[in-house]
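# Chains, contacts and geometry: an overview
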Amino acid sequence: MTPTFIVSSALATRDFQDVHHDRDLAQAKGSADIFVNILTSTGLAQRYVTDWAGPEALVRGVAVRLGAPCYAHDVLALFGQVLSRSDDGEFEVEVLGRNGLGEHLRGTVRVALPEGDA
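Quick caveat: nothing in here was measured; it's all calculated off a predicted structure. (Residues numbered from 1 in each chain as written. Predicted model: local features only at pLDDT ≥ 70, side-chain atom pairs only at ≥ 80, totals over all residues. Heavy atoms only, no water.)

### With respect to the nonpolar core
This is how the line gets drawn: We define a nonpolar core as any set of buried Ala, Val, Leu, Ile, Met, Phe, Trp, Tyr and Cys residues linked to one another through side-chain atoms lying within 4.5 Å. Residue burial is assigned from relative accessible area. The probe radius is 1.4 Å, only protein chains are included, and a residue is buried under 20% of its type maximum, exposed over 50%, and partly exposed in between. Secondary structure elements follow DSSP: runs of H or I of four or more residues count as helices, runs of E of two or more count as strands, with numbering from the N terminus. Whether two residues are in contact is decided by their heavy atoms: any pair within 4.5 Å suffices.
Ranked by size, the top nonpolar core spans 11 residues in total: Ala45, Val49, Ala57, Val64, Phe91, Val93, Val95, Leu105, Val109, Val111 and Leu113. Those elements that provide at least two residues to this core are helix 3 (38-53), strand 3 (90-99) and strand 4 (102-112). Beyond its immediate sequence surroundings of up to four residues, Val64 is in contact with Thr42, Ala45, Leu105, Arg106 and Gly107. The next biggest cluster of nonpolar side chains, apart from the first, holds 10 residues, and it includes Ile6, Val19, Ala26 and Ala72.

Pasting the structure below:
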């Protein structure tokens with residue numbers, strides 16, 4: 001996670017909290033550095049699944065819980081597995097995001113594929 005990515009994604013999601021763009025203030029509040037906001041983490045989980053499912057996939061739901069923070073210069077690795085597939089072509093995919101501190105995020109993404117692709 002580059003500082004530029006963390007700052008720009010926070011601003012793009014209209015999250016102006018200083019801990020996402022000001023290292024000195026983040027450290028004064030007890031953080032090691034600036035860190036990724038929840039909307040960015042949620043978007044990364046969603047993007048992970050849509051990269052697997054393809055450009056025609058429709059996201060039907062996302063539920064993410066955060067754990068360890070994801071600081072500037074951390075490497076975030078995402079992993080996933082299909083939990084279920086419905087008769088109408090909707091998949092529920094579990095997503096896990098880990099960094100050097102442990103589990104950053106865990107959640108599920110429900111995605112529908114166009115008829116014939118499932």
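### Quick notes on the pairing of strand 4
Put simply, the test is: Any two strands with at least two DSSP-identified bridges between them are counted as paired.
The sheet contact formed by strand 1 (residues 58-66) and strand 4 spans eight bridges and is antiparallel. Bridge pairing links Arg65 to Arg106 in strand 4. Where strand 3 lies against strand 4, 10 bridges are found, and the strand directions are antiparallel. Looking at the pairing, Phe91 lines up with Val111 of strand 4. Between the end of strand 3 and the start of strand 4, which pair antiparallel, lie two residues.

### Some thoughts on the pattern of salt bridges
The cut-off we apply is this: Criterion for a salt bridge: a side-chain nitrogen of Lys or Arg within 4 Å of a carboxyl oxygen of Asp or Glu.
The full count for this structure, using the stated rule, is six salt bridges. Residues Arg23 and Asp33 are paired through a salt bridge, measuring 3.7 Å at the closest nitrogen-oxygen approach. With Arg23 in helix 2 (residues 23-28) and Asp33 in the loop between helix 2 and helix 3, this pair connects stretches of sequence that are 10 residues apart. Ionic pairing is found between Asp51 and Arg47, a salt bridge with its closest N-O pair at 2.8 Å. Separated by four residues within a single helix, Asp51 and Arg47 lie in helix 3, roughly one turn from each other. There is no split in this pair, since Asp51 and Arg47 are both exposed. By sharing partners, the salt bridges in this structure join Glu94, Glu103 and Arg106 into a single network.

### Concerning the sheet that holds strand 2 (residues 77-85)
Through backbone hydrogen bonds, the strands of a sheet pair up, either in parallel or in antiparallel fashion. Basically, it comes down to this: The axes are straight lines fitted to the C-alpha atoms, using for helices just the contacting stretch, and the angles between their N-to-C directions are given from 0 to 180°.
Taken in spatial order, the four strands make up an open sheet running 1-4-3-2, and their pairing is antiparallel. The open sheet has two edge strands with one neighbour each: strand 1 and strand 2. With strand direction ignored, the average angle separating the axes of adjacent strands in the sheet is 20 degrees. Against the sheet, helix 3 touches strand 1, strand 2, strand 3 and strand 4, its axis set at about 50 degrees to strand 4.

Treat this as a map of the structure, not an account of what it does.
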